[in-house]
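A look at the structure
In case you want the letters, here they are:
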Amino acid sequence: MSNAPVDKGRRRFLTVATSVVGAAGAVGVAVPFIASWNPSARAKNAGAPVEVNIGKAEPGQMIRVEWRGQPVWVVRRTPEMLASLEGLADQLRDPNSEEPQQPEYAANLYRSRKEEFFVAVGICTHLGCSPQYLPEDFGEQVEGVKAGFFCPCHGSKFDIAGRVFAGVPAPYNLVVPPHYYIDDNTILVGQDGEQA
C-alpha cells in the first residue's frame, strides 16, 4: 500500500456514484417484476363486460354471447311466454327465486330487469351442460308449457324465466348475470349499473 494521503472527495464521489447506479439497477429490475403481477390484457378482456345489441331481436328469438368464457342467453319473450310464467309455481323447485342465483333486481317472477328480456348464463346448474332453448316444443317436456329450456344430458327442465322444475337433477334456477340497459337497444352484461 502507498503512504499517499486518502482523497476523501474522490472516495465520496465513487461511493455516491456506485449507490446511484445500484439504485437505478434495482429500480430497473423491480419495475418489470412488479408489472408482471398485473393481469394480462387477455385476462382483463376475459372478465370484461359485454355489450349485447337487442334492437333487432324478434319476439321469441334468443341471442347468444360469451362472457367470462360462458355462454350468456338473451331471450326476447313473447306476451304468451310471459303469461305462462304465472301458473307454474307448484311445479317449480324455487318459484320465488329465493336461492341467490340472480342479482336482487332479478328476484321477481320474470327474473329480469325488464319483463320482455331474459338474460341468463346458459349453463345447467346440475353438471354444467348447456340446455337447449325450445321456444315452441317445450310442451313435449312439460305438459302445458310452450317454451323453456331443456338439458338433454340428464333431463333438467327450466321455464322461460330459467326457474328449475321440481323432480329434475338440477338443484337451482339458471344463473342471471349482473346486467343493465345502456339504452333501449343495448344491454351491458357483467355490470349492475345504476338502473333499478
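The name an unreviewed UniProt entry assigns to the protein chain is Ubiquinol-cytochrome c reductase iron-sulfur subunit, from the organism Pseudidiomarina terrestris. The protein chain has a UniProt comment under Catalytic activity (unreviewed entry) that states "a quinol + 2 Fe(III)-[cytochrome c](out) = a quinone + 2 Fe(II)-[cytochrome c](out) + 2 H(+)(out)".

Turning our eyes to something else, we now look at a nonpolar patch on the surface. Residues Phe 33, Ile 34 and Trp 37 make up a contiguous nonpolar surface patch of roughly 380 Å² in combined accessible area. Assignment of secondary structure puts Phe 33 in helix α1 (residues 8-35).

As a further point, take unusual backbone geometry. Backbone geometry follows two general trends: most residues other than glycine have a negative phi, and most peptide bonds adopt the trans configuration. The backbone of Arg 68 sits at a positive phi, close to 55 degrees, despite the residue not being glycine. Within the secondary structure, Arg 68 sits in the loop between β2 (62-67) and β3 (70-76). Residue class for Arg 68 comes out exposed when judged on its relative accessible area of 51%. For Arg 111, which is not glycine, the phi dihedral falls at a positive 50 degrees. For Arg 111, the location among the structural elements is in the loop between α3 (79-84) and β4 (117-121). Taking the relative accessible area as the measure of exposure, Arg 111 reaches 0% and is therefore buried.

What counts and how
- Residues numbered from 1 in each chain as written.
- Predicted model: local features only at pLDDT ≥ 70, side-chain atom pairs only at ≥ 80, totals over all residues.
- Heavy atoms only, no water.
- UniProt positions renumbered as here; feature names shortened; annotations may be inferred.
- Patch = residues over 30% accessible without salt bridge, like charges linked within 9 Å, V, L, I, M, F, W, Y side chains within 5 Å.
- Areas by Shrake-Rupley, 256 points an atom, 1.4 Å probe, with all protein chains shown as cover.
- Salt bridge = Lys/Arg side-chain N within 4 Å of Asp/Glu carboxyl O.
- Helix = DSSP H or I, 4+ residues; strand = E, 2+ residues; numbered from the N terminus.
- Buried < 20%, exposed > 50% of the residue type's maximum accessible area, 1.4 Å probe, protein only.

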